[in-house]
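Structure assessment
The chain contents come next:
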Amino acid sequence: MKLSSTLKFFAIVIAALALLCIVFPANGVTVGGITLRFPKLHSVLVREKQKTIDEFLVKEEERDLTGIRDSIEECYRVLFESQLRFWLPNNDISYFDDFFKLAEKAKSENNVIRILHYGDSQIESDRVTCRIRERIQEIFGGGGPGLLPLRQPCPTYTFSQSCSGFLAGQSTWGDSTFRRANGNYGPMLRSWRITGSATMSLRPYKGQYATDRVSHFSRLAVIFNNRPGPLTATMKDRNGGATFTQSVTEQGVNMISWTMDSATTMATVSLSGNADIYGVLVDNGPGVAVDNIGMRSTSGHQFKMTNLDQLTEAYRLMGAKVIMMQFGGNSLPCFKTQKAIDNYCEQMAKQIEHIHAACPEAAIIFIGPSDMSTTIGGRRASYPLLAATVESLSKMANEHNASFWSIYHAMGGDNSMVAWNKSGLAGSDYIHFTMKGANLMGDYFSDAFLKLYELFNIRKQLTKEQFNKIWNEVRSNNNDSNNQPSSNNDDK
């Protein structure tokens, strides 16, 4: 074939493909249940520049913080203008004051208060939570891995455990066939029925994320719902050899606890009786415990399945003061309309109200989903309704007296997942973080949460009038005058 004929052939093929790019329907053509799509001409001719991870990560601004006003301005910038911002009910910066006051007194009062971090598979294996725990306990004290199930559905990066004996699991989610009409699940939204005996072994995990703080514990407690007949629990310190035994005969939600003279790293808990075990609290000294409660593949609509009275008593015995709910990612791919988003938010609002009823003194933080990528027009892009979902969830949370924090915004917003994946911060599914990315996100959340604590401390140093004067001046310089946080500094 002559060169001119070859060139003419390719020219005809290219022209035909260009014509298809122009006339092919944007939504594709469905044939026999299969949808065929063709890229638009602009996307073929104009190659979109991919952003680098540096364009999405939080920028550290150099500021000369020489005075209280500078510190207040910095808190305002992080909390209400940066990608790490918090959405607070009525923009009330005093929302977490009660928690901060209790956390500060925990050491002196020899007390443990708890943050419960519920979430889907994004936090499974203690990911994200372990970094938040480390940062919070650096400030307020505490240690140990926190609340653990009798049997972990998958290994964690921070602590090892095993359990032997006959245990029938009941769960609000997953493949369990044991659903409970009476809602007797407890604070982990699942429980384990013991009718005889069982033994749980605890030991540190030998990995880079198992720090000394999480590996050591000095307080153990079993939280359970007793059935007819006593429950006897024995704890043995496998390092020091000390053994403690207690029995409870009264029915209902109870807790058996032990405090050791010094911290240990290995122990066994033996149980004998007839009860539904909610979990084991593994803590170190007074301070703040941070519990990881991963619920793979869930929507977050499981809280109302729990018995309110039993959940209320369990939260009281545990000392629950902050409850974090990280959900939305599993439902997002199913959203095709705003109506679907609204229906999801309506159901999630009912879960928040259930938690408020069970633990009215606890502050609630709803954490919205991360950026997630799907294939659109042959390229990776954020799910079309992701931004709308995050916005709707933030409004829903605030309307039901819950704060809101957005992983999507913290990552950098639209299509940030592609850059996170390329930099090794997210996996090949373009949904889940790697451990490196999970730790970074844990740091991002902690940075924002501890800025609220910094602002809390600043407010204690000033009179109400002094703080409000500076705060109102800072607010007046904010471009978003319709969304200005309130000082609500009435406690001064």
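See above for the structure.
As a starting point, this report considers the structure included with it.

When its secondary structure is counted, the chain shows 13 helices and 18 strands. The buried share of the chain, taken over its 492 residues, is 53%. Considering only contacts within the chain whose residues lie at least 6 apart along the sequence, 77% involve residues at least 24 apart. As displayed, the chain has an accessible area near 22,100 Å², and 51% of this comes from carbon and sulfur atoms.

Take helix H9 (residues 386-399) next. The terminal C-alpha atoms of H9, which comprises 14 residues, lie 20 Å apart, in line with the 20 Å expected from a rise of 1.5 Å per residue. Here H9 has its buried residues at Leu386, Thr389, Val390, Ser392, Leu393, Ser394, Met396 and Ala397. Looking one or two residues past H9, asparagine 401 carries a phi angle of roughly 55°, positive in sign.

Here we take up the packing of helix H5 (residues 129-140) against helix H12 (residues 435-461). Where H5 contacts H12, the two axes come as close as 7 Å, and the packing angle between them is 35°. Pair H5 / H12 crosses with right-handed handedness. Counted together, Cys130, Arg131, Ile132, Arg135, Ile136, Ile139 and Phe140 of H5 and Met435, Asn439, Gly442, Asp443, Phe445, Ser446, Asp447, Phe449, Leu450 and Tyr453 of H12 form the full contact between these two elements. Here the residues of the contact of H5 with H12 sort into 10 nonpolar, 3 polar and 4 charged.

With that settled, consider the pattern of salt bridges. Under the defined criterion, the tally for this structure stands at 19 salt bridges. Its salt-bridge partner being lysine 460, residue glutamate 104 comes within 3.1 Å of it at the nearest N-O pair. Residue glutamate 104 is found in helix H4 (residues 97-105), and its partner lysine 460 is found in helix H12; the two are separated by 356 residues along the sequence. Among the residues examined, glutamate 104 registers a relative accessible area of 32% and is labelled partly exposed. For aspartate 283, the salt bridge is made with arginine 114, and the minimal N-O distance between the two is 2.8 Å. On the criterion of sequence distance, the pair formed by aspartate 283 in strand S12 (residues 267-283) and arginine 114 in strand S4 (residues 112-119) is long-range, its members being 169 residues apart. What makes arginine 114 buried here is its relative accessible area of 1%. Look at the salt bridges and you will find they share partners, linking Arg131, Glu134, Arg135, Asp443 and Asp447 into a network.

This part covers H5. Each full turn of the α-helix corresponds to 3.6 residues, which orients residues three or four apart in the same direction. The first and last C-alpha atoms of H5 sit 16 Å apart over 12 residues, in line with the 16 Å expected at 1.5 Å per residue. Of all 12 residues in H5, 9 are buried, a share of seventy percent or more.

Paired through backbone hydrogen bonds, the strands of a sheet run either parallel or antiparallel to each other. Overall, mixed pairing links the 6 strands, which are arranged S3-S18-S15-S14-S4-S13 in an open sheet. Whereas interior strands pair on both sides, the edge strands pair on one side only; in this sheet they are strand S3 (86-87) and strand S13 (287-294). Pairing between S3 and strand S18 (residues 403-406): 2 bridges, direction antiparallel. Bridged to phenylalanine 86 within S18 is tryptophan 405. In this fold helix H7 (residues 308-318) packs onto S4, S13 and strand S14 (320-326), with an angle of close to 130° to the strand it touches most, S4.

According to the stated counting rule, one finds 27 aromatic pairs in the structure shown. Pairing phenylalanine 86 with phenylalanine 96 gives two aromatic rings, centres 6.0 Å apart and planes at 75°, and the pair type is edge-to-face. Taken as a pair, phenylalanine 86 in strand S3 and phenylalanine 96 in the loop between S3 and H4 lie far apart in primary sequence, 10 residues in all. For the pair formed by phenylalanine 86 and phenylalanine 96, the shared burial category is buried. Look at tyrosine 118 and phenylalanine 303: their rings are 4.8 Å apart centre to centre, the planes differ by 80°, and that puts the pair in the edge-to-face class. Of this pair, tyrosine 118 sits in strand S4 while phenylalanine 303 sits in the loop between S13 and H7; the two residues are 185 residues apart in sequence, bridging distant segments of the chain. Judged by its relative accessible area of 0%, phenylalanine 303 falls in the buried class.

About the thresholds
The residue count restarts for each chain, going from 1 along the sequence in the order it is written. Per-residue local features of the predicted model are confined to residues with pLDDT of at least 70, and side-chain atom pairs are confined, for both listing and counting, to 80 or more; whole-chain, interface and lining totals are unaffected and use all residues. Heavy atoms throughout the structure, all of them, feed into the side-chain values; hydrogens and water do not. To qualify as a helix, a DSSP run of H or I must reach at least 4 residues; to qualify as a strand, a run of E must reach at least 2; elements of each kind are numbered from the N terminus. The buried label applies to any residue whose accessible area, calculated with a 1.4 Å probe on protein chains only, is under 20% of its type's maximum; exposed applies above 50%, and partly exposed to all values in between. Here, two residues are considered to be in contact whenever any of their heavy atoms come within 4.5 Å of each other. Using a 1.4 Å probe, accessible areas were evaluated by the Shrake-Rupley method; residue-level cover was limited to the displayed protein chains. Expected span of a helix: the number of residues minus one, times 1.5 Å. In this description, a line fitted to the C-alpha atoms serves as the axis of each element, helices being fitted only across the stretch in contact, and the angle between N-to-C directions of two axes falls anywhere from 0 to 180 degrees. Rotating anticlockwise by less than a right angle from the far helix to the near helix defines a left-handed crossing, while the corresponding clockwise rotation defines a right-handed one. Amino acids are sorted into nonpolar (Ala, Val, Leu, Ile, Met, Phe, Trp, Tyr, Cys and Pro), charged (Asp, Glu, Lys and Arg) and polar (every other residue, Gly among them). Salt bridges are defined by distance alone: a side-chain nitrogen of Lys or Arg within 4 Å of a carboxyl oxygen of Asp or Glu. What makes two strands pair is DSSP finding at least two bridges between them. Stacked, tilted and edge-to-face are the three classes applied to pairs of Phe, Tyr and Trp rings, where Trp contributes its six-membered ring and a pair requires centres within 6.5 Å; stacked means planes under 30 degrees apart, edge-to-face means over 60, and tilted covers the rest.

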